[in-house]
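Each chain, letter by letter, is given below.
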Amino acid sequence: MSRPELQAPPEIFYDDTEARKYTSSSRIMEIQAQLSERAIELLALPDDDVPRLLLDIGCGSGLSGETLSEYGHQWIGLDISESMLNIAREREVEGDLILGDMGQGLGLRPGVIDGAISISAVQWLCNADKSSHEPRLRLKAFFGCLYRCLARGARAVLQVYPENIAQRELILSFAMRAGFAGGVVVDYPHSSKSRKEYLVLTCGPPSLSSATPKAKGEDGESCSEDDSSADEENPTVCISDRHRPRKKQKVNKKGKGRNWVLKKKEQMRKKGNVVPPDTKYTARKRKARF
Ligand SMILES: C[S@@+](CC[C@H](N)C(=O)[O-])C[C@H]1O[C@@H](n2cnc3c(N)ncnc32)[C@H](O)[C@@H]1O
């Protein structure tokens, strides 16, 4: 079965039938509850029994939000599928529900949210479902609004199913551009079934509290983003630190050359950009016309 994101836009894929099917599957209920519990753990809210106001992005029929209620928190849930929200209402979830598209912003006042979770939803932003959709602009709008509505120092934990590494990097890069500090926690990296990825983001400048938490797995070790081979072979935790100093670009006096251009084009393709194919004319020397 292909990924739901590739089958139809979310508001169409999660129609009345699918929304009901989703919410009546005991397997899905169990998995979503486990993912939500882990997201709450990664939110690392103060252990003081004070209820917090949390945001559940792509809340669906309220499975993830129910876990927030179990932990005693108030929550606001946003989803693009009316059918999913109807079921959430039917199930009398405790959260306040908003029908909306996270790719167009969140419509919340600045600094009012104490923490945000999103379970299995944000990867949907990487698809262009309408001719007006540009995934990069939608990611920018989403992360910009998320950053603004969170209180300084608050965290957002987004569990995602990126289609590939480039998609994960794309999502993370827009989070970093919006101002978040943090990175990706990969739980059970060696298990194809249990492997789960969480973007753990902190609002505000980096501090001790914005350090990326440890992942769950067999060995519990961590690896840094610089060690990209380790990411493939032993990806226990991957930390992407936006405050790493930028490398200075080496510029050859004779120009950048064909190899440089080919490498750049390959990088752009990996980021999901449409890049013209490489031909014998790529990076050819042009005559000065004037
Ligand atoms: C797999 S469901 C997860 C629902 C819920 N978080 C849970 O754990 O059961 C993904 C949800 O993301 C929602 N979604 C996808 N794209 C969205 C968007 N652009 N804005 C808001 N919600 C979106 C879908 O409608 C769907 O309800």
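The coordinates are above.
In what follows, the accompanying structure is described. Fair warning: this is a prediction, and the values are worked out from it, not measured in the lab. (Residues numbered from 1 in each chain as written. Predicted model: local features only at pLDDT ≥ 70, side-chain atom pairs only at ≥ 80, totals over all residues.)

What about the overall build of the protein chain?
A count of helical and extended segments in the protein chain gives ten helices and nine strands. By the burial criterion, 38% of the 290 residues in the protein chain qualify as buried. The long-range share in the protein chain, meaning contacts at least 24 apart out of those at least 6 apart in sequence, stands at 64%. (Helix = DSSP H or I, 4+ residues; strand = E, 2+ residues; numbered from the N terminus. Buried ≥ 20, exposed ≤ 12 C-beta atoms within 10 Å, placed from the backbone. Contact = placed C-beta atoms within 7 Å.)

Quick word on the site of the ligand
Around the ligand sit 20 residues, and of these P10, G58, G60, A121 and W124 come closest. Where the shell around the ligand is concerned, the elements lending two or more residues are helix 5 (63-70) and strand 2 (74-79). In the shell around the ligand, the residues fall into eleven nonpolar, seven polar and two charged. (Near = placed C-beta within 6 Å. Nonpolar A, V, L, I, M, F, W, Y, C, P; charged D, E, K, R; others polar.)

Quick look at the pairing of strand 7 (residues 196-202)
Burial analysis of strand 7 places seven of its seven residues in the buried class, which makes it a mostly covered element. Side-chain alternation along strand 7 places K196, Y198, V200 and T202 on one buried face and E197, L199 and L201 on a second face that is also buried. Both strand 5 (residues 150-160) and strand 7 contribute to a ladder of six bridges, which runs antiparallel. Bridged to V160 within strand 7 is E197. (Pairing = 2+ DSSP bridges.)

Notes on the pairing of strand 2
Burial analysis of strand 2 places five of its six residues in the buried class, the great majority of the element. With five bridges joining them, strand 1 (residues 53-57) and strand 2 adopt parallel strand pairing. Looking across to strand 2, one finds that L55 is bridged to I76. When strand 2 meets strand 3 (residues 96-99), the two strands line up parallel, connected through four bridges. Counted as the bridge partner of I76 is D96 from strand 3.

A few points about helix 6 (residues 82-90)
Three or four residues apart is the spacing at which side chains of an α-helix point the same way, because the helix has 3.6 residues per turn. Within helix 6 the residues assigned to the buried category are S83, M84, L85, I87 and A88. Among the structural elements, helix 3 (16-24), strand 2 and strand 3 are those in contact with the buried residues of helix 6. Positive phi shows up at E92, right after helix 6, with a value of about 55 degrees.

Topic: the environment of D79
Secondary-structure assignment places D79 in strand 2. Judged by the 28 C-beta atoms lying within 10 Å of it, D79 is buried. For the pair D79 and G62, spaced 17 residues apart in the sequence, the C-alpha separation amounts to 9.8 Å. Look past the residues within four positions of D79 in its chain and what remains in contact with it is G58, C59, G60, M84, L85 and L99.

A short note on the nonpolar core
A39, A116, V157, I171, Y198 and L199 are the most contacted members of the largest nonpolar core, which has 60 residues in total. For this core, the leading source of residues is strand 5, giving six residues. Setting aside its immediate chain neighbours within four residues, A39 contacts I117, I119, V157, Q159 and Y198. (Core = buried A, V, L, I, M, F, W, Y, C linked by C-beta atoms within 7 Å.)

Some remarks on the packing of helix 4 (residues 26-43) against helix 5
One can describe the packing of helix 4 onto helix 5 by two numbers: an axis separation of 8 Å at closest approach and a directional angle of 50 degrees. The orientation of helix 4 relative to helix 5 falls into the category oblique. Between helix 4 and helix 5 lies a crossing of right-handed hand. Counting all contacts with helix 4, which are made through M29, Q32, A33, S36, E37 and I40, the residues of helix 5 involved are L63, S64, T67 and L68. Of the residues contributing to the contact of helix 4 with helix 5, the split by class is five nonpolar, four polar and one charged. (Axes fitted to C-alpha atoms, helices over the stretch in contact; angles between N-to-C directions. Parallel < 35°, antiparallel > 145°, perpendicular 65-115°, else oblique. Left-handed = near helix turned anticlockwise from the far one by under 90°.)

Considering unusual backbone geometry
Phi is positive for E92, close to 55 degrees, though the residue is something other than glycine. Relative to the helices and strands, E92 resides in the loop between helix 6 and strand 3. Taking the number of C-beta atoms within 10 Å as the measure of exposure, E92 has 7 and is therefore exposed. Its identity as a non-glycine residue notwithstanding, Y188 has a phi of 45 degrees, on the positive side. The topology assignment puts Y188 in the loop between strand 6 (181-187) and strand 7. Exposure remark for Y188: the 15 C-beta atoms within 10 Å place this residue in the partly exposed category.

A few points about the packing of helix 7 (residues 135-149) against helix 8 (residues 165-178)
Where helix 7 contacts helix 8, the axes come no closer than 9 Å and their chain directions differ by 45 degrees. Taken together, helix 7 and helix 8 sit at an angle that is classed as oblique. In this structure, helix 7 meets helix 8 at a crossing whose hand is right-handed. Contacts between helix 7 and helix 8 involve L139, K140, F143, G144 and Y147 from the former and I171, F174, A175 and A178 from the latter. Residue classes in the contact of helix 7 with helix 8 are distributed as seven nonpolar, one polar and one charged.

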